Amino acid sequence: MKQWFQQLSRREQFIVLILAALVASLTLYSLAWAPLKNGIARYESANDDALETLEWMRQAAVDIKRGQSAGTGTAAPQSISALVDTTLPKYKLVMQRYQPTGNDSAQLWLDDAALPEVIAWLVALERDFGMRLVNVSIASSNKEGFVKTRVRMAKP
């Protein structure tokens, strides 16, 4: 090989050396540098995804802690009808009509209920039991200080 190279003219030797350097560079790039660069890019992308997930989890933890400290976010462990039956007497309220509107929602009517007790009961449903009040309709009653109330509620 050395003898063959020395038999070439100076110009041909220069061209062979340039081509050899070019082939060596391309081989080094394709066997080492390109896979290394692709691997680094893959790990950087995975790291970015992990950082996004971590940030989302931190924000979710803050939201959960904020919800727990406010008393919200805890779903009622019982059915809506059982919850209504156990909470209404505590507020001296009497239900006139109850209508389930699905597995996790219901409507109920209260006639001639004292307004402060109705408001306190609605607040307790949301704050203490995590119920979602979908629609609340309060209208005046014939008695002063008493109201007719229709409530649509759902589990979160």
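Residues numbered from 1 in each chain as written. Predicted model: local features only at pLDDT ≥ 70, side-chain atom pairs only at ≥ 80, totals over all residues. Heavy atoms only, no water.

1. Regarding the overall build of the protein
Turning to step 1, where the next piece is worked out: A tally of regular secondary structure across the protein gives four helices and four strands.
Turning to step 2, where the next piece is worked out: In the protein, the order of α-helices and β-strands from amino to carboxyl end is α-α-α-β-β-α-β-β.
Turning to step 3, where the next piece is worked out: Taking the principal axes of the C-alpha coordinates as reference, the protein spans close to 120 × 30 × 25 Å.
Turning to step 4, where the next piece is worked out: Within the protein, the proportion of its 156 residues that are buried is 22%.
Turning to step 5, where the next piece is worked out: Sequence-distant contacts, at least 24 apart, represent 52% of the contacts inside the protein between residues at least 6 apart.
Turning to step 6, where the next piece is worked out: About 11500 Å² of surface is accessible on the protein, with carbon and sulfur atoms providing 58% of the total.
Turning to step 7, where the next piece is worked out: Here the protein contributes 18 positively and 15 negatively charged side chains, and the mean placements of these two sets differ by 6 Å. (Helix = DSSP H or I, 4+ residues; strand = E, 2+ residues; numbered from the N terminus. Buried < 20%, exposed > 50% of the residue type's maximum accessible area, 1.4 Å probe, protein only. Contact = heavy atoms within 4.5 Å. Areas by Shrake-Rupley, 256 points an atom, 1.4 Å probe, with all protein chains shown as cover. Lys, Arg positive; Asp, Glu negative; His and termini not counted. Charge placed at Lys NZ, Arg CZ, Asp CG, Glu CD.)

2. Brief notes about the side chain of Thr149
Turning to step 1, where the next piece is worked out: Turning to its location among the elements, Thr149 is positioned in strand 4 (residues 146-154).
Turning to step 2, where the next piece is worked out: The buried category is assigned to Thr149, whose relative accessible area is 2%.
Turning to step 3, where the next piece is worked out: Sequence-distant contacts of Thr149, that is, excluding residues within four places in its chain, are made with Leu108, Trp109, Leu110, Val118, Val136, Ser137 and Ile138.

3. What about unusual backbone geometry?
Leaving glycine out, the prevailing phi sign among residues is negative, and the prevailing peptide bond configuration is trans.
Turning to step 1, where the next piece is worked out: Unusually for a residue other than glycine, Lys92 sits at a positive phi of about 55°.
Turning to step 2, where the next piece is worked out: In this structure, Lys92 sits in the loop between helix 3 (80-87) and strand 1 (95-102).
Turning to step 3, where the next piece is worked out: Owing to a relative accessible area of 75%, Lys92 belongs among the exposed residues under this scheme.
Turning to step 4, where the next piece is worked out: Backbone geometry places Asp112, a non-glycine residue, at a positive phi of 50°.
Turning to step 5, where the next piece is worked out: Of note, Asp112 is situated in strand 2 (residues 105-114).

4. Notes on the nonpolar core
Turning to step 1, where the next piece is worked out: Judged by nonpolar contacts, the single largest core of 17 residues is most densely connected at Leu110, Trp121 and Met153.
Turning to step 2, where the next piece is worked out: When sequence neighbours within four positions are dropped, the list of residues in contact with Leu110 reads Leu88, Leu93, Val94, Met95, Gln96, Val118, Trp121, Val147, Lys148 and Thr149. (Core = buried A, V, L, I, M, F, W, Y, C linked by side-chain atoms within 4.5 Å.)

5. Digging into the sheet that holds strand 1
Turning to step 1, where the next piece is worked out: The antiparallel open sheet is built from four strands, whose spatial order is 1-2-4-3. Both edges of this open sheet fall to strand 1 and strand 3 (132-140), since each of them pairs with a single strand only. The average undirected angle you get between the axes of adjacent strands in this sheet is 15°.
Turning to step 2, where the next piece is worked out: For strand 1 and strand 2, the ladder comprises six bridges, and the chain directions are antiparallel. (Pairing = 2+ DSSP bridges. Axes fitted to C-alpha atoms, helices over the stretch in contact; angles between N-to-C directions.)

6. Here's the deal with the pairing of strand 2
Turning to step 1, where the next piece is worked out: Burial within strand 2 is extensive, with eight of its ten residues counted as buried.
Turning to step 2, where the next piece is worked out: In sequence, strand 1 turns back onto strand 2 through a hairpin of two residues.
Turning to step 3, where the next piece is worked out: Both strand 2 and strand 4 contribute to a ladder of eight bridges, which runs antiparallel. Bridged to Ala106 within strand 4 is Met153.

7. As for the packing of aromatic side chains
Turning to step 1, where the next piece is worked out: A complete count under the given rule lists zero aromatic pairs for this structure.
Turning to step 2, where the next piece is worked out: Seen from the ring of Phe146, Lys143 lies directly overhead, with NZ or CZ sitting 5.5 Å from the centre. (Phe/Tyr/Trp six-rings, centres within 6.5 Å; stacked < 30°, edge-to-face > 60°. Lys NZ or Arg CZ within 6 Å of the ring centre and 35° of its normal.)

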